[in-house]
Amino acid sequence: MKIIYSVIAMLALTAAAMAQTTVVRGDVNCDGYVTTSDATAIYDYLLNGDETYITTCDVDNDGYITVADITFVYNIILGGDTGVDNHEYVDLGLPSGTLWATMNVGASTPEEYGDHFAWGETTPKEVYDWSTYQWCNGRWNKMTKYCTVSTYGNNGFVDNLTELEPDDDAATVNWGSQWCTPTKEQLDELRTKCTWTWTTSNGVKGYKVSRNGKSLFLPAAEGYSGSYLSSGTLGYYWSRTLGDTKSYYANYLYFYSSSVSSEAFERSSGCSVRAVRVSQK
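Residues numbered from 1 in each chain as written. Predicted model: local features only at pLDDT ≥ 70, side-chain atom pairs only at ≥ 80, totals over all residues. Heavy atoms only, no water.

Topic: the overall build of the protein chain
Filter applied, for reference: Under the DSSP-based scheme used, a helix requires at least four consecutive residues in state H or I and a strand at least two consecutive residues in state E, with every element numbered from the N terminus. Exposure is judged per residue with a 1.4 Å probe applied to protein chains only, and the accessible area is read against the type maximum: over 50% gives exposed, under 20% gives buried, and values in between give partly exposed. By the convention used here, residues are in contact when the closest approach between their heavy atoms is within 4.5 Å. Only the protein chains shown count as cover for residues, and the accessible areas themselves come from Shrake-Rupley with a 1.4 Å probe.
On a plain count of helices and strands, the protein chain comes out with 5 helices and 11 strands. Scored against the burial criterion, the 281 residues of the protein chain give a buried share of 45%. In the protein chain, 54% of the contacts between residues at least 6 apart in sequence involve partners at least 24 apart. Accessible surface computed for the protein chain: about 14,100 Å², of which carbon and sulfur atoms make up 52%.

Spelled out as structure tokens, the structure:
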């Protein structure tokens with residue numbers, strides 16, 4: 001009988017340990033639930049400097065503790081966000097503190113291509129061209145959002161938005177508010193601060209990107225133009241940053257076996273997204 005009780009106790013401890021490994025965003029007071037008391041804990045910190053829960057108050061993972069974190073908690077309570085983050089990342093020790101996801105949005109392994117997205121769209125589709133693009137009126141010079149040059153705006157439209165808003169970010173919408181598509185600067189940092197080695201992983205061509213003894217794999221996931229997907233030797237990865245001079249372009253990372261570069265590309269094209277988040281150190 002004692003043996004049975006011991007086994008039960010060990011199973012209980014194991015279950016408890018496993019439960020503790022699940023990260024629940026919004027559970028500021030670490031009681032296993034997301035309730036209004038978690039919002040109150042953040043409010044107490046902002047109002048009174050109560051640092052009891054300082055390590056977990058930044059629930060939206062933007063690097064700051066603000067009223068936005070309180071809003072984030074209420075969104076979870078109201079069903080706007082599940083609060084559970086099952087996506088892994090690599091800390092390459094980059095100066096910006098950027099943490100890179102281990103796989104593409106829409107993938108289940110590092111080697112899978114994942115989904116392709118037009119810039120500023122959050123779901124994949126069959127045809128990637130201006131006639132199907134969400135943020136224009138059928139043509140490249142008729143932008144209806146994210147436009148800084150009137151020549152490219154629909155009837156001269158300009159909103160001067162230069163970075164994707166969360167509702168238009170494929171990483172944020174598909175993975176949760178702690179994730180986003182990298183900026184041009186974050187892609188440039190990855191490109192210039194890491195070692196890039198062309199390789200094959202589980203039969204898939206791509207780059208091993210290494211720094212400080214850690215690495216991630218970026219598959220050559222190609223890109224869509226119209227309904228055509230290119231042949232598995234190129235990589236196209238969106239940033240969330242609009243092009244500098246042409247509003248129908250957005251910045252992206254482009255690579256093949258002998259070159260890695262930062263360029264701009266037509267927003268209507270279908271490219272991969274490798275999500276990032278901000279280090280909490």
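What to know about the nonpolar core
Looking at soluble globular proteins, one finds that nonpolar side chains tend to be buried together. The cut-off we apply is this: In these notes, a set of buried Ala, Val, Leu, Ile, Met, Phe, Trp, Tyr and Cys residues joined through side-chain atoms within 4.5 Å is what counts as a nonpolar core.
With 32 residues, the main nonpolar core has Trp119 and Tyr133 as its most contacted residues. If we skip the residues at most four places from it in the chain, tryptophan 119 touches Tyr133, Trp135, Tyr146, Leu164, Trp238, Ser239, Arg240, Thr241, Leu242, Ala250, Arg267 and Ser269. Among the nonpolar cores identified, the runner-up in size contains 19 residues, and Val90, Trp100, Cys180 and Leu218 belong to it.

A look at the environment of serine 269
Its location among the elements puts serine 269 in the loop between strand 10 (259-266) and strand 11 (276-278). Placed 140 residues apart in sequence, serine 269 and aspartate 129 show a C-alpha to C-alpha distance of 6.3 Å. Residue contacts for serine 269: discarding those within four places in its chain leaves Phe117, Ala118, Trp119, Tyr128, Tyr224 and Trp238.

A look at helix 3 (residues 67-77)
Applicable threshold: Think of the arc as the fan of directions from the helix axis to the C-beta atoms.
When we look at burial in helix 3, the residues that qualify are Asp69, Ile70, Phe72, Val73 and Ile76. Along the axis of helix 3, the buried positions cluster into a sector of 155°, meaning they face one direction only.

Notes on the sheet that holds strand 1 (residues 89-90)
For clarity, the cut-off: Paired strands, in this sense, are two strands between which DSSP finds at least two bridges.
If you walk across this open sheet you meet the 3 strands as 1-2-11, and the pairing is antiparallel. Both outer strands of the open sheet, strand 1 and strand 11, are each paired with one neighbouring strand and no more. Sheet analysis places strand 1 next to strand 2 (residues 98-101), joined by 2 bridges and oriented antiparallel. Looking at strand 2, one finds that valine 90 is bridged to tryptophan 100.

Some remarks on the pattern of salt bridges
Stated formally: The term salt bridge refers to a side-chain nitrogen of Lys or Arg lying within 4 Å of a carboxyl oxygen of Asp or Glu.
Inspection of every chain in the model, using the stated rule, returns 6 salt bridges. A salt bridge links glutamate 163 to arginine 240; its shortest N-O distance comes to 3.3 Å. Residue glutamate 163 is located in the loop between strand 2 and helix 4 (170-175), and its partner arginine 240 is located in strand 8 (residues 235-242); the two are separated by 77 residues in the primary sequence. Judged by relative accessible area, glutamate 163 falls into the partly exposed class, the value being 33%. Taking relative accessible area as the criterion, arginine 240 reaches 15% and is therefore assigned buried. Aspartate 188 is the partner of lysine 184 in a salt bridge, and the nearest nitrogen-oxygen pair spans 2.8 Å. Taken as a pair, lysine 184 and aspartate 188 lie in helix 5 (residues 184-193) at a separation of 4 residues, close to a single helical turn. One connected set of salt bridges, linked through shared partners, spans Lys145, Glu165 and Asp168.

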